[in-house]
Amino acid sequence: MILTTWNVNSIRARIENIKDYLNKFSPNIVMVQEIKTEDKTYPYDELKNLGYESYVFGQKSYNGVAILSKQKLKNVKHDIIKDKNKQSRTISAEILYKKKNIQLINIYVPNGNPVDTDKYTYKKYWLDIFFKILKSSLKKNQNIIIGGDFNVIPAAEDVYNYKSFENDALYKLEIRKKFREILNLGFKDIFRYIYPDKEEYTFWDYMRGAWQKNNGMRIDHFLVTNSLIENIKDIKINKYPRGKEKPSDHTPVEIELV
């Protein structure tokens, strides 16, 4: 089974690239972020024609998350975080895999920049709430996979020039500590777990030739509970869609379950 996370940066603007990716790589489940559309304008039919059912928590022009799946998902929830700003940033569902009931949580964490504004305060609040939700969820189910755009650079090797990001909301020490607190609940950052020394990125800015220079950062992650480690065969950052015309500035991250 292939499970993908991908910030598509507008599902309607990128629909041809998304369909190309689905046709070429045929993942079983895709957790997408920043769909930037309401449910009523979401391209359900185009994705259904490719064999994917869509579970959507949309928002006009900003944010929005969805799960595309070849199989029926259970217990779909839009409200695991009671967001004070009423932003569409999480959607969760359950699948049965190898006799394990797995909770999938798709997240789009606030960016938080600039750091001297309410946006940064909101990011810290959001991550604190998410930590509490996870702590509670783990008491009911030890099998959880979180995928999404965390807007967190975990360490120096996850960005092309960490010095220039030391006062950025993606890399500030207190944000990295909050990411570490989540891991300490009993999760592994699967990319870093499988590839402890590999330097790869999931995001390249549209500006200053970042893609061509490989000036990127790793901010899209899969976190997997320790109970599921034996089910993860590999993780891959798939750069193919980022090289297409009119791409998202993020590229898909894929885990293979066995």
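Residues numbered from 1 in each chain as written. Predicted model: local features only at pLDDT ≥ 70, side-chain atom pairs only at ≥ 80, totals over all residues. Heavy atoms only, no water.

### Observations regarding helix α3 (residues 118-137)
Item 1. With 20 residues, α3 should reach 28 Å at 1.5 Å per residue; the first-to-last C-alpha distance of 28 Å fits that figure.
Item 2. Those residues of α3 lying buried are Y120, Y122, K123, W126, L127, F130, L134 and S137. Here the buried residues of α3 occupy an arc of 150° about the axis, which is enough to place them on one side. Among the exposed residues of α3, those pointing more than 90 degrees away from its buried face are D118 and K132. (Helix = DSSP H or I, 4+ residues; strand = E, 2+ residues; numbered from the N terminus. Expected span 1.5 Å × (residues − 1). Buried < 20%, exposed > 50% of the residue type's maximum accessible area, 1.4 Å probe, protein only. Arc of directions from axis to C-beta.)

### Here we look at the packing of aromatic side chains
Item 1. What the rule picks out here adds up to 11 aromatic pairs.
Item 2. A centroid spacing of 6.1 Å and a plane angle of 25° characterise the contact between Y122 and Y125, whose relative ring orientation is stacked. In this pair, Y122 and Y125 are both assigned in helix α3, three residues apart and thus about one turn of the helix distant.
Item 3. Seen from their ring centres, F191 and Y195 are 5.8 Å apart, and the 50° between their planes marks the pair as tilted.
Item 4. Here the basic side chain of K24 rests over the ring of Y240, its NZ or CZ set 5.1 Å away from the ring centre.
Item 5. Stacked on the ring of Y195, the Lys or Arg K198 has its end atom at 4.3 Å from the ring centre. (Phe/Tyr/Trp six-rings, centres within 6.5 Å; stacked < 30°, edge-to-face > 60°. Lys NZ or Arg CZ within 6 Å of the ring centre and 35° of its normal.)

### Let's talk about the sheet that holds strand β12 (residues 220-225)
Item 1. Read across the open sheet, the six strands follow the order β5-β6-β7-β8-β12-β9; overall the sheet is mixed. If you trace the sheet from one side to the other, it starts and ends with β5 (74-77) and β9 (187-189), each paired once. Put simply, the sheet's adjacent strands are angled 20° from each other on average, direction ignored.
Item 2. Two elements, strand β7 (residues 100-108) and strand β8 (residues 144-149), share six bridges in a ladder whose sense is parallel. If you follow I107 over to β8, its bridge partner there is G148.
Item 3. Strand contacts of α3: β6 (90-97), β7, β8 and β9, with the helix running at about 175° to β7, the strand carrying the most contacts.
Item 4. Across the sheet, helix α4 (residues 173-183) is in contact with β9 and β12; its angle to β9 comes to roughly 130°. (Pairing = 2+ DSSP bridges. Axes fitted to C-alpha atoms, helices over the stretch in contact; angles between N-to-C directions. Contact = heavy atoms within 4.5 Å.)

### Looking at the layout of surface pockets
Item 1. When its volume is computed, the largest pocket comes out at roughly 440 Å³.
Item 2. Lining the largest pocket we find 24 residues, and of these N111, L170, F203, D205 and M217 sit closest to its centre.
Item 3. In terms of residue class, the lining of the largest pocket is built from nine nonpolar, eight polar and seven charged. (1 Å grid on protein atoms, 1.4 Å probe; cavity = no way out; pocket = protein on both sides within 12 Å on 5 of 7 lines; lining within 4 Å. Points joined across faces, edges and corners; volume = space filled by probe spheres on them. Nonpolar A, V, L, I, M, F, W, Y, C, P; charged D, E, K, R; others polar.)

### Topic: empty space enclosed by the protein
Item 1. Under the counting rule described, the total for this entry stands at one cavity of 30 Å³ or more.
Item 2. As a volume, the largest cavity reaches approximately 40 Å³.
Item 3. If you go around the largest cavity, the residues you meet are D189, F191, T202, R218, D220, H221, F222, I235, I237 and V253.
Item 4. A class-by-class count of the residues in the lining of the largest cavity yields five nonpolar, two polar and three charged.

### Regarding the packing of α3 against α4
Item 1. Closest axis-to-axis distance for the α3/α4 pair is 10 Å, and the angle between their directions is 10°. Judged by the inter-axis angle, α3 sits roughly parallel to α4. Side by side, α3 and α4 meet where Y120, K123, K124, L127, D128, F130, F131 and L134 of the first sit next to E174, I175, K178, E181 and I182 of the second.
Item 2. The residue makeup of the contact of α3 with α4, split by class, is seven nonpolar, no polar and six charged. (Parallel < 35°, antiparallel > 145°, perpendicular 65-115°, else oblique.)

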